[in-house]
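Given next are the chains, with one letter for each unit.
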Amino acid sequence: MDDNGISTEGLLRMSDLARETGVVVGTIKFYIREGLLPPPTVKTGRNMAYYDRSFIERIRMIKELQTKRFLPLDVIRAILDRDDAII
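Residues numbered from 1 in each chain as written. Predicted model: local features only at pLDDT ≥ 70, side-chain atom pairs only at ≥ 80, totals over all residues. Heavy atoms only, no water.

A. Spotlight on the packing of aromatic side chains. Scanning the model with the defined rule gives two aromatic pairs in all. Judged by centre distance (6.5 Å) and plane angle (55°), the ring pair of Phe30 and Tyr31 falls under tilted. Their ring planes at 70° and their centres at 5.2 Å tell us that Tyr51 and Phe55 sit as a pair that is edge-to-face. Each of the two residues, Tyr51 as well as Phe55, counts as buried. (Phe/Tyr/Trp six-rings, centres within 6.5 Å; stacked < 30°, edge-to-face > 60°. Buried < 20%, exposed > 50% of the residue type's maximum accessible area, 1.4 Å probe, protein only.)

B. Representation of the packing of helix α1 (residues 14-21) against helix α2 (residues 25-33) in the model. For the pair α1 and α2, interaxial distance at closest approach is 9 Å and the crossing angle is 110°. Viewed along their axes, α1 and α2 adopt a mutual orientation that is roughly perpendicular. When α1 is examined against α2, the residues Met14, Leu17, Ala18 and Thr21 are found in contact with a partner set consisting of Val25, Ile28, Lys29 and Ile32. In the contact of α1 with α2, the residues fall into six nonpolar, one polar and one charged. (Axes fitted to C-alpha atoms, helices over the stretch in contact; angles between N-to-C directions. Helix = DSSP H or I, 4+ residues; strand = E, 2+ residues; numbered from the N terminus. Parallel < 35°, antiparallel > 145°, perpendicular 65-115°, else oblique. Contact = heavy atoms within 4.5 Å. Nonpolar A, V, L, I, M, F, W, Y, C, P; charged D, E, K, R; others polar.)

C. Here's a closer look at the layout of surface pockets. Of the volumes computed, that of the largest pocket is approximately 210 Å³. For the lining of the largest pocket, the elements supplying multiple residues, two or more each, are α2 and β2 (48-50). Grouping the constituent residues of the lining of the largest pocket by class yields six nonpolar, one polar and four charged. (1 Å grid on protein atoms, 1.4 Å probe; cavity = no way out; pocket = protein on both sides within 12 Å on 5 of 7 lines; lining within 4 Å. Points joined across faces, edges and corners; volume = space filled by probe spheres on them.)

D. Structural detail: the pattern of salt bridges. Tallying each qualifying case throughout the model produces six salt bridges. Here Glu20 ties to Arg53 by a salt bridge, and the two come within 3.2 Å at their closest N and O atoms. Placement of the pair is Glu20 in helix α1 and Arg53 in the loop between β2 and α3 (54-67), with a sequence separation of 33 residues. Judged by relative accessible area, which is 28%, Glu20 ranks as partly exposed. One salt bridge connects Asp84 with Arg58, and the closest N-O pair in it is separated by 3.1 Å. Taken together, the residues Asp84 in helix α4 (residues 73-86) and Arg58 in helix α3 connect sequence positions 26 residues apart. Of the residues examined, Asp84 reaches a relative accessible area of 38% and is grouped as partly exposed. Among the charged side chains, a network of salt bridges with common partners joins Arg13, Asp16 and Arg19. (Salt bridge = Lys/Arg side-chain N within 4 Å of Asp/Glu carboxyl O.)

E. Examining α4 more closely. Taking 1.5 Å of rise per residue, 14 residues should cover 20 Å, and α4 covers 20 Å from first to last C-alpha, within 8% of that figure. All of the buried residues along α4 are Leu73, Ile76, Ile79 and Leu80. For α4, the angular spread of the buried residues around the axis is 120°, confining them to a single face. Facing away from the buried side of α4 by more than 90 degrees, the exposed set consists of Asp74, Ala85 and Ile86. (Expected span 1.5 Å × (residues − 1). Arc of directions from axis to C-beta.)

Structure, rendered in structure tokens:
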């Protein structure tokens, strides 16, 4: 639990996401702003948020589509949106 009494068990901080995916914090924030990633799972303050482990796989997918398939972000966003609609 954080200081506000909100359970953050099993959730990751932004720095954890960056470490586990190899993607810098600034890029992850950019992905959130651009709609490639959903908003944080739990936002506990202006500068503190926690993220579900599913963010790791989604970040890895974005990077793979960029680096191996050379797709632009708007195409990646459309692919992710389509996949989200199926689920």
